[in-house]
Every structure is written in C-alpha cells, then in structure tokens.
Amino acid sequence: MTQNRQQFVSTRKRQLATVSVGGWGRNQNLTAFTSGIRLGPITNVVLIVLLVAFLGLLYLTQLTKTSTFGYEMNQINIEKSQLAAEQNDLKLENARLQSLMHVQDSTVATTMTTPVDTNHVE
C-alpha cells in the first residue's frame, strides 16, 4: 500500500513539474473539456452548403428590396413629371383665359362697335 501511495505521489510530482514548465501554476484548472459530438466530413459539407444557401437567400432578399424601392421611386418620378406637365398646361390655360378677360375689359374692346351686316361665304 505504501508503494501505491509512493507511486501516486511521484506521478503527481511529475505532473506538477510538467505543468509548471508549460506555464501553468498551482491551483489552475488543467482539465480541458471536449464535446462528445463528432461531425463527419459529409455533415461538414452539408452544413457549409446550407450556410452558403442561407447567405445567398439573405443577399437576394436585400437585392430584391433595393430594386423594389428603385421601382417605386421610378414610378413616383414618372407621376411627378406628369403632374408638372399638367401644371404647365393649367398655367397656360389660366393665362389664356385671363388674357381674354383682359382684352374684353380693355378700352379698345369697349370702343369697338358690332358690325351691321355680315356676309358669309357658302
């Protein structure tokens, strides 16, 4: 029994000697935990393919969202240009109507007389 105790102590001293050389001191946790789950090469390939597919879908959704905003902006610009053209037409119509009123109210128009006889060509 003393031999077993002696063997254990010498093993422990040997472990401490290698640990202190390796940079670890006393009262340090020397246990490294490893996962019991091992993934094979086929599983790694499948996971990588799924990750690439997910990133591709993410990229496509962002690209689609950007193009949708571009389409909406283009539609709004077209509508804006149509409304600007309609505004210009209304300004011209307003100016034409105001000029007719101005001409009818002018002193020249008030001094004009209506013709007595008018002949039309048939």
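Residues numbered from 1 in each chain as written. Predicted model: local features only at pLDDT ≥ 70, side-chain atom pairs only at ≥ 80, totals over all residues. Heavy atoms only, no water.

J.: Report on the overall build of the protein, specifying residues and quantitative values.
T.: Regarding its fold elements, the protein presents three helices and zero strands. Ordering the α and β elements of the protein from the N terminus gives α-α-α. Residue burial in the protein is summarised as follows: out of 122 residues, 1% are buried. Per element, the accessible surface of the protein, about 12200 Å² overall, is 62% carbon and sulfur. (Helix = DSSP H or I, 4+ residues; strand = E, 2+ residues; numbered from the N terminus. Buried < 20%, exposed > 50% of the residue type's maximum accessible area, 1.4 Å probe, protein only. Areas by Shrake-Rupley, 256 points an atom, 1.4 Å probe, with all protein chains shown as cover.)

J.: Pulling in residues and values, what's your account of a nonpolar patch on the surface?
T.: A contiguous nonpolar surface patch, about 630 Å² in accessible area, is contributed by Ile37, Leu39, Ile42, Val46, Leu47 and Leu50. Position of Ile37 among the secondary structure elements: in the loop between helix 1 (2-21) and helix 2 (41-105). (Patch = residues over 30% accessible without salt bridge, like charges linked within 9 Å, V, L, I, M, F, W, Y side chains within 5 Å. Salt bridge = Lys/Arg side-chain N within 4 Å of Asp/Glu carboxyl O.)

J.: Explain the pattern of salt bridges to me, using residue names and the numbers behind them.
T.: As enumerated under the stated definition, the model contains one salt bridge in all. Residues Arg96 and Glu93 are paired through a salt bridge, measuring 2.5 Å at the closest nitrogen-oxygen approach. Taken together, the residues Arg96 and Glu93, both in helix 2 and three residues apart, mark about one turn of the helix.

J.: Quick one: what's the story with the confidence of the model for the protein, residue by residue and with numbers?
T.: Overall, the predicted model of the protein reaches an average pLDDT of 79, with 75% of residues at or above 70. Ranking the elements of the protein by mean pLDDT puts helix 1 last with 52 and helix 2 first with 90. (pLDDT = per-residue confidence, 0-100.)

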